[in-house]
Structure formats: C-alpha cells, structure tokens
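This is what each chain is made of:
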Amino acid sequence: MQYWLMKSEPETFGIDDLAACPKGTDHWDGVRNYQARNMMRDQMRAGDRVLFYHSNTKVPGIVGIAEVVREGYPDHTAFDPDAKYYDPKSDPDKPRWYMVDVKFVRKLKRTISLQELKEEHADALEDLPLLRRGNRLSIMPVTAQQWEYILGLES
DNA sequence: GCCAACGTTGGC
DNA sequence: GCCAACGTTGGC
C-alpha cells in the first residue's frame, strides 16, 4: 500500500464535501498537470491512503484522510466544452487526463497546518514535496515514515 | 490582492 | 530545441 497527499481548495471541494458525497466517494477530476496525471494513471492503487490537504485558504494544511477506491480512468470532464477544465486536446479515444475515485475515511481531530509541518524541521519530512520551495504539485507521494510522522502530530 | 515559482505555449 | 511570454498555483 502506498500513501499520497492530495490538495484541494476547500472553497471548491473540501473534506466536508467529500464526506457528504454518496458513500463518501467522488472522482478526483480536473487535474491538468502531467506529473499528477501520471501518478493517478500509473501508480495509485485501490486501498492506497491519502492525506487530504486544503490549499489556497486561510490556514492551509492537512484536514483528513481518504482512500483510493478506483484506479486511474479517463477524466470525462476534459471532454465537456462546458466544464471548467475542458481540454479540446483530450480525445475520448485517446484521453489525455485521468482521475481516480477517492473515499472519505475520517477527518483529523485538528488541522495539521502547513506552518506546523514546516516548523517541525523534521528529518522525516525533509523530502516531502509539499515543504519544498515553490512546490506546486497537487498530488504527491508520501512515504510510510512521513505518513506516520504527520499523523503522530495529530494528538 | 500581491507576487514568486513554475509549467506550458508558440515563434523562431 | 531554445527561450520569452503568458497563465496558474498557492502561500502570505
């Protein structure tokens, strides 16, 4: 089993929105970045665990846990001219963009903020892309050690 | 709202 | 294939 961190803007789709979905499950559409696409298409497996991160908000940070329940498949919103992330270059016969389905597992007891993660100055977190300067990846791998460390901060 | 960092686009 | 221009991300 692998671990991931996925960013979302709470204004658009936050952890509570995921929890409110039927079966707590929704597809992670709208990713239009090749690196993130590759991870969803090629690496994410059902059962993988996900740190749900709120970005572009007052207190950015990790707010919950989700689980991958469906592996990479074409992101149909790329084919829809009315969709926000429509991409005319993505062809249903040769899809450019992929998504996975994720399921709500639980909210953290408290938000583990980006600031807090930075202030840990932990060796374990040194290589976490989230903490690297200028990082813009919306999906990133998390090692088992990083996972344990981060959740160890929760209580 | 600002702006640094980064990815993508497109002219050459 | 280079690289300037542009658009987006996302913390602050």
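Look a little higher up for the structure.
(A) Region of the structure containing the overall build of chain A. Within chain A one finds five helices and six strands. Taken from the N to the C terminus, the helices and strands of chain A come in the order β-α-α-β-α-β-β-β-α-β-α. Taken over C-alpha atoms, the radius of gyration comes to 15 Å for chain A, in line with the 15 Å a tight globule of 155 residues would show. In terms of principal-axis extent, the alpha carbons of chain A reach across some 45 × 30 × 30 Å. Per-residue burial for chain A yields a buried fraction of 44% across its 155 residues. As displayed, chain A has an accessible area near 8,600 Å², and 45% of this comes from carbon and sulfur atoms.

(B) Molecular detail of the packing of aromatic side chains. Overall, the coordinates contain four aromatic pairs when judged by the stated rule. Both rings, one in Trp28 and one in Phe52, keep their centres 5.5 Å apart while their planes meet at 75 degrees; by these two values the pair is edge-to-face. Here Trp28, found in the loop between β2 (25–27) and α3 (34–43), pairs with Phe52, found in strand β3 (residues 49–54); they are 24 residues apart in sequence, far enough to count as distant. The same class applies to Trp28 and to Phe52, which are both buried. Measuring from centroid to centroid gives 4.8 Å for Tyr34 and Trp97, while their planes differ by 35 degrees, and the two rings are tilted.

What counts and what doesn't
Residues numbered from 1 in each chain as written. Chains lettered and ligands numbered in written order. Predicted model: local features only at pLDDT ≥ 70, side-chain atom pairs only at ≥ 80, totals over all residues. Heavy atoms only, no water. Helix = DSSP H or I, 4+ residues; strand = E, 2+ residues; numbered from the N terminus. Rg over C-alpha atoms; globule rule 2.2 N^0.38 Å. Buried < 20%, exposed > 50% of the residue type's maximum accessible area, 1.4 Å probe, protein only. Areas by Shrake-Rupley, 256 points an atom, 1.4 Å probe, with all protein chains shown as cover. Phe/Tyr/Trp six-rings, centres within 6.5 Å; stacked < 30°, edge-to-face > 60°.

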